[in-house]
Every structure is written in C-alpha cells, then in structure tokens.
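Structural features, examined
Here is how the chains run, residue by residue.
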Amino acid sequence: LNHFNGIIEFLRKSSTAGIQSEISVTSSSADFSYRPENVIEHGDSLFESEMHDKNPWLCIEFKKRRVILKSYTMKSGWWEKNNWHLKSWVIEGSNDKFNWEILDDQKDCDYLNGCHYIHNFQIQRQTGKEFKYFRIRKTGPNWFKDNLSLRNKMVFDSIEFYGTLI
C-alpha cells in the first residue's frame, strides 16, 4: 500500500520539468543534512529543524496551482518511541504567506510517536478554500524527554496532501 500517492506524487509524475518547478519547500531553519525538500521526496530522508529554533515551521508552496486540502499523511523519522517525533502542531493555509488560517490542530498526538509511523489526518476545519501555501508549525515540544534543547526540534520524514488540485 502506497500511503504517499496524493497531490505531491501526482505533480512529481506529471511534471516534465521536475517537482521543483511545481513545489517549493522552505523552513524556519534546517539542519545541513536534513533539508526541507526531503519531506516531498517520500524516501527515507528526513527534515530536521535546528535545535535552537524554538518555533520551527515548514512551508510548502504550490507555485502554479492551488489546493483545497481534505487530508494529509505524515511519516515519522527512524527513532524509537518517545524521541524527536512530532507531538503538537498546526497545519495552516495561506495565499500570501502573511495571513494564515489554521486548518488542522493536533495536540499531544501520538500517531507519529515511533519508528516510521504513518498516519493520515483529516483536516478538522473544512472550509472549501483553496490555498497556495501550507505551513506545518510546531506548537509544543516533541516527545523527547532527556534533553530540553532537543525538545524544540521539528523532525519528520515525509508529507503528502490529499484534496482538490486547482
């Protein structure tokens, strides 16, 4: 079963100029080896924010299109339970990167708390609005308990979007 066969994968397969012509991925910070673009490659390469970034986010821009988001699937990193896995975050949509609308809000979520866990999240606030930008913004510490500075890190493997591509 391919959990990552949505809008991003469709654009990857249908774009003759490559996925970079369709989608741009940026972040508030990134560890040198674990770039933001890794989350749309759907392999086993992570995105990881820097540990000093207390409010990390990752933004996916659809350069030529808009999306009405219905759900999204995320895959955690390769660590055991109670490590750097996402725990609390929001998914936000925007058309100008200044005004953001919260579409989904996860608090103390354990669906990604384990090695390569995959979960599909339904958008809680279905507005029917189309957006150019989607931002995943960490809203609390990750599951790591041993080192307070490492609890700030935002780390995950992959993301895929499902909905209507416009």
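Right, let's walk through the structure included here.

Criteria and thresholds
- Residues numbered from 1 in each chain as written.
- Predicted model: local features only at pLDDT ≥ 70, side-chain atom pairs only at ≥ 80, totals over all residues.
- Heavy atoms only, no water.
- Phe/Tyr/Trp six-rings, centres within 6.5 Å; stacked < 30°, edge-to-face > 60°.
- Lys NZ or Arg CZ within 6 Å of the ring centre and 35° of its normal.
- Salt bridge = Lys/Arg side-chain N within 4 Å of Asp/Glu carboxyl O.
- Helix = DSSP H or I, 4+ residues; strand = E, 2+ residues; numbered from the N terminus.
- Buried < 20%, exposed > 50% of the residue type's maximum accessible area, 1.4 Å probe, protein only.
- 1 Å grid on protein atoms, 1.4 Å probe; cavity = no way out; pocket = protein on both sides within 12 Å on 5 of 7 lines; lining within 4 Å.
- Points joined across faces, edges and corners; volume = space filled by probe spheres on them.
- Nonpolar A, V, L, I, M, F, W, Y, C, P; charged D, E, K, R; others polar.

1. Notes on the packing of aromatic side chains
Any aromatic ring pair is given by two values, namely how distant the centres are and how the planes are angled relative to each other. Evaluated as defined, the whole model comprises 12 aromatic pairs. Aromatic rings pair up to connect Tyr34, Trp78, Trp79, Trp84 and Phe144 into one cluster. Above the ring of Trp84, the side-chain terminus of Lys153 is found at 5.2 Å from the ring centroid.

2. Overview of the pattern of salt bridges
A side chain with one charge may pair with a side chain of the opposite charge, provided their charged atoms come close. Counted according to the given criterion, the structure contains 10 salt bridges. In this structure, Arg137 engages Glu92 in a salt bridge whose closest nitrogen and oxygen atoms are separated by 2.8 Å. Taken together, the positions of Arg137 in strand E8 (residues 133-138) and Glu92 in strand E5 (residues 89-94) put the pair 45 residues apart, joining distant regions of the chain. For Arg137, a relative accessible area of 25% puts it in the partly exposed group. Since its relative accessible area comes to 4%, Glu92 is described here as buried. Salt bridges here are not isolated pairs; linked through shared partners, they connect Arg35, Glu37 and Glu41.

3. A few points about empty space enclosed by the protein
A complete count under the given rule lists one cavity of 30 Å³ or more for this structure. Residues that form the lining of the largest cavity fall into these classes: five nonpolar, three polar and two charged.

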